[in-house]
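Observations on the model geometry
These are the residues of each chain, in order.
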Amino acid sequence: MLWAAFGVMLLAALAAVLMPLYRAERALSARAIAVAVAVLAGSALLYQQIGQPDARFVPPGPPSVEDMVASLASRLEDDPDDLAGWKMLGRSYAVMRRYPEAIAAFERAVALEDSSDAQTLADLGEAVFLNDSRALTTRAGQLFENALAIAPGNPKALFYSGFAAAERGDRLLAASRWETLLATSPPPEIRGILEQRIAEWRGVSSAPAESPPPAETPAPDAGGTAPLTINVALGQSAGGAVDPAATVFIIARDPAQPSPPIAAVRRRAAELPSEVTLSDSDAMIPGRLLSGFDELEIVARASSSGQPIAQPGDWFGLGRIDTSKTRSLSIVIDQQVP
């Protein structure tokens, strides 16, 4: 086995030497053949002197993600004008939640493009926001606006700029941005949330859509993280006050930064008590996943208006979960919004 591997390496060495000579001379000349013989003889002699013919050949394992990202970053130091490389590095850092480094990589890409690519601007804006949610109305918000000036239909810029407009109090602009986003055919779970928020921003009622049936057997996400199992029930007081047709929002959020939510699903009050699953597939914002948080606050709220924003009179329950220790939580809806 070892000699076979050694032979493959010799052939690779020959190819590395012969191909440039062949391209230069357009034939395997005496010079090329002489070089080939020298490579073979020198390699055999060197291996005889320092090699271990009886050693067991153990192929190296695949590099880790961290190693590959570090290798890419190192390569870009030698090739700082590699635009595609900087974008890939920025996306890699964002997935790893290394947001300051993602910002630096995307900034380099934006500079190379002279701020002319909407998607790169939106990617930079997202990294800035995920690093500090307060930037949504400052630098990140401006980056999303710049992206929309170039590409008015950019989904990422539309999504975040809708939130930014709402934060500024411009609810009609927020609704308009998300109505444009609806035309890009978002997933059904996200579409329902968008429609509900648009109705709330425009001040009109919106009939809640049919909720999907609960999963019978929760499956791990693509990344291998098991979903959260939330057991939701109406308390005694809420049970007699909540309309069975009311929409119940089950929302996961960061206790340190509650808005915007991390993930959300919907059920009908008539379905309760019910076992609900929350996973990365229910994420509200790409790259901001449940699996990235060790502690989550879960809110279950029966909406009397059908809107995702809490209204006076709504019944709710909440709890916190340490996902590093458990994947399940029980919530009883027994409190009322004043």
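Residues numbered from 1 in each chain as written. Predicted model: local features only at pLDDT ≥ 70, side-chain atom pairs only at ≥ 80, totals over all residues. Heavy atoms only, no water.

Quick notes on the overall build of the chain
Check the secondary structure of the chain and you find 11 helices and eight strands. Counting over 338 residues, the chain shows a buried share of 42%. Considering only residue pairs separated by 6 or more positions, the chain has 55% of its internal contacts joining residues 24 or more positions apart. Surface exposure of the chain reaches about 17,800 Å², of which carbon and sulfur atoms provide 57%. (Helix = DSSP H or I, 4+ residues; strand = E, 2+ residues; numbered from the N terminus. Buried < 20%, exposed > 50% of the residue type's maximum accessible area, 1.4 Å probe, protein only. Contact = heavy atoms within 4.5 Å. Areas by Shrake-Rupley, 256 points an atom, 1.4 Å probe, with all protein chains shown as cover.)

A closer look at the pairing of strand 3 (residues 263–268)
With respect to burial, strand 3 is a largely interior element, six of its six residues being buried. Here strand 3 shows a buried face lined by A263, V265 and R267 and a second buried face lined by A264, R266 and R268. As judged from the six bridges shared by strand 2 (residues 247–253) and strand 3, these two strands associate in the antiparallel manner. Note that in strand 3 the partner of A252 across the bridge is A263. (Pairing = 2+ DSSP bridges.)

So, the nonpolar core
Counting 51 residues, the largest nonpolar core has L89, L124, V128, L136, F159, W178 and L194 as the members making the most contacts within it. Here this core takes eight residues from helix 6 (residues 118–131), the largest share from any one element. Excluding residues within four positions of it along the chain, L124 makes contact with I103, F106, E107, V110, R139 and L143. Of all hydrophobic cores here, the second largest spans 27 residues; its members include V248, V265, A269 and A302. (Core = buried A, V, L, I, M, F, W, Y, C linked by side-chain atoms within 4.5 Å.)

Brief notes about helix 8 (residues 155–168)
In a regular helix each residue adds 1.5 Å, so 14 residues correspond to 20 Å; helix 8 covers 20 Å between its end C-alpha atoms and thus fits that length. When you tally the buried positions in helix 8, you get 10 out of 14 residues, the bulk of the element. Here helix 8 has its buried residues at K156, A157, L158, F159, Y160, S161, G162, F163, A164 and A165. The opening residue of helix 8, the one whose side-chain oxygen lies 3.2 Å from the backbone nitrogen of K156, is N154. Residue G169 follows helix 8 closely and has a positive phi angle near 95°. (Expected span 1.5 Å × (residues − 1). Polar contact = N/O pair within 3.5 Å; in protein donor to acceptor, adjacent residues only side chain to side chain.)

A few points about the confidence of the model for the chain
When the pLDDT values of the chain are averaged, the result is 78; 73% of them are 70 or greater. Contacts from residues 1–41, a stretch scored under 50 in pLDDT, to residues over four places away or in other chains number 31 contacts. Low pLDDT, under 50, characterises residues 45–51; the stretch is placed with six contacts to residues that sit more than four places away or in other chains. (pLDDT = per-residue confidence, 0-100.)

Quick word on the sheet that holds strand 2
On the basis of which strands lie adjacent, the open sheet formed by five strands has the order 3-2-5-6-8 and antiparallel pairing. The sheet is open, and its two edges are formed by strand 3 and strand 8 (335–336), each paired on a single side.

As for the packing of aromatic side chains
What the rule picks out here adds up to seven aromatic pairs. For the ring pair F144 and Y160, a centre distance of 4.8 Å and an interplane angle of 5° mean the geometry is stacked. Pair noted here: F144 is in helix 7 (residues 139–150) and Y160 is in helix 8, with a separation of 16 residues, a long-range link. Residues F163 and W178 carry aromatic rings whose centres are separated by 5.1 Å and whose planes lie at 85° to one another, so their mutual orientation is edge-to-face. Pair noted here: F163 is in helix 8 and W178 is in helix 9 (residues 171–182), with a separation of 15 residues, a long-range link. Every member of this aromatic cluster is reached through a ring pair, and the members are F129, F144, F159, Y160, F163, W178 and W201. (Phe/Tyr/Trp six-rings, centres within 6.5 Å; stacked < 30°, edge-to-face > 60°.)

What to know about unusual backbone geometry
Residue L272 is joined to P273 through a cis peptide bond whose omega torsion reads 0°. One can find P273 in the loop between strand 3 and strand 4 (274–278). Residues other than glycine seldom take positive phi values, yet R97 does so here, at roughly 60°. Tracing the chain through its elements places R97 in the loop between helix 4 (83–95) and helix 5 (99–112). For R97, a relative accessible area of 44% gives the class partly exposed.

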